[in-house]
Amino acid sequence: MSDQTPPVDEMQYERLAHEALRGVMRAALERVLSDGLPGAHHFYITFKTRGAGVSVPPDILAKYPDEMTVVLQHQYEDLRVETDKFSVKLRFGGMPKSLVIPYSAVTRFYDPSVKFLLQFEEPEIVEVVEET
């Protein structure tokens, strides 16, 4: 047995890698914002509905109290891409609903047209959720 203690990752490389990969997701959304979805590309974005900074309407939160997946393909409006979050208006049962999703709340980003998947560690969950 070794008396050496394992090294401590004071650089937090795992966190830095996840932040960099979230930057890939943000860059993809920025491209959609400026040019629209090219070709057959579309996104499945899964996020924790009780993640810090998430804002979803109460009826959506009641239906998806833990996690939900949204699809950005044909019917979405008002996409806004910011440094730490994005917002979008989607239709649920024909009714438009606005969602605000911090990148830190996203657990999966998938573009099935090219089988590109990013998977992230579980975000911190908050008790109080902002509602719109």
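The structure displayed is predicted, hence computed values, not measured ones.

Engineer: So what's going on with the pairing of strand β6 (residues 106-111)? Residues and values would help.
Structural biologist: Where strand β1 (residues 43-48) lies against β6, 4 bridges are found, and the strand directions are antiparallel. Looking at the pairing, Y44 lines up with Y110 of β6. The pairing of β6 with strand β7 (residues 116-119) spans 4 bridges and is antiparallel. Paired with D111 across the two strands is F116, which belongs to β7. In this structure, the hairpin formed by β6 and β7 is closed by a connection of 4 residues, where K115 is found at a positive phi of approximately 55°.

Engineer: An account of the nonpolar core is needed here, citing residue identities and associated values.
Structural biologist: One finds L29, F43, I45, F47, L72 and F86 to be the most contacted residues of the largest nonpolar core, which totals 27 residues. Of all elements in the fold, only α1 (13-35), β1, α2 (58-63), β2 (67-72), β3 (77-81), β4 (85-92), β5 (95-102) and β6 reach the threshold of two or more residues within this core. Once residues within four sequence positions are removed from consideration, L72 is found in contact with L29, L37, H42, F43, I45, L79, V88 and L90.

Engineer: Outline the sheet that holds β3, supporting the account with residue identities and numerical values.
Structural biologist: The pairing of strands in a sheet comes from backbone hydrogen bonds and takes either a parallel or an antiparallel form. Taken together, 3 strands build an open sheet; the order of strands is β3-β4-β5 and the sheet is antiparallel. For this open sheet the edge positions go to β3 and β5, each flanked by a neighbour on one side alone. Geometrically, the sheet is characterised by an average inter-axis angle of 20° between neighbouring strands, direction not taken into account. Where β4 and β5 come together, 8 bridges link them in antiparallel fashion. Each bridged residue has a counterpart across the sheet, and for L90 the counterpart in β5 is K97. Most of the contacts of α1 go to β3, to which it runs at about 135°, and overall it touches β3 and β4.

Engineer: Could you give me a rundown of the sheet that holds β2, with the residues and numbers involved?
Structural biologist: In spatial order, the strands read β2-β1-β6-β7; together these 4 strands make up an open sheet with antiparallel pairing. Of all strands in the sheet, those with a lone pairing partner are β2 and β7, marking the two edges. The sheet shows a mean angle of 10° between the axes of neighbouring strands, taken without regard to direction. Bridge count for β1 against β2 is 6 bridges, and the pairing is antiparallel. The residue bridging K48 from the neighbouring strand is E67, located in β2. In the packing of α1 onto the sheet, the strands contacted are β1, β2, β6 and β7, and the crossing angle to β7 comes to about 135°.

Rules behind the numbers
Residues numbered from 1 in each chain as written. Predicted model: local features only at pLDDT ≥ 70, side-chain atom pairs only at ≥ 80, totals over all residues. Heavy atoms only, no water. Pairing = 2+ DSSP bridges. Helix = DSSP H or I, 4+ residues; strand = E, 2+ residues; numbered from the N terminus. Core = buried A, V, L, I, M, F, W, Y, C linked by side-chain atoms within 4.5 Å. Buried < 20%, exposed > 50% of the residue type's maximum accessible area, 1.4 Å probe, protein only. Contact = heavy atoms within 4.5 Å. Axes fitted to C-alpha atoms, helices over the stretch in contact; angles between N-to-C directions.

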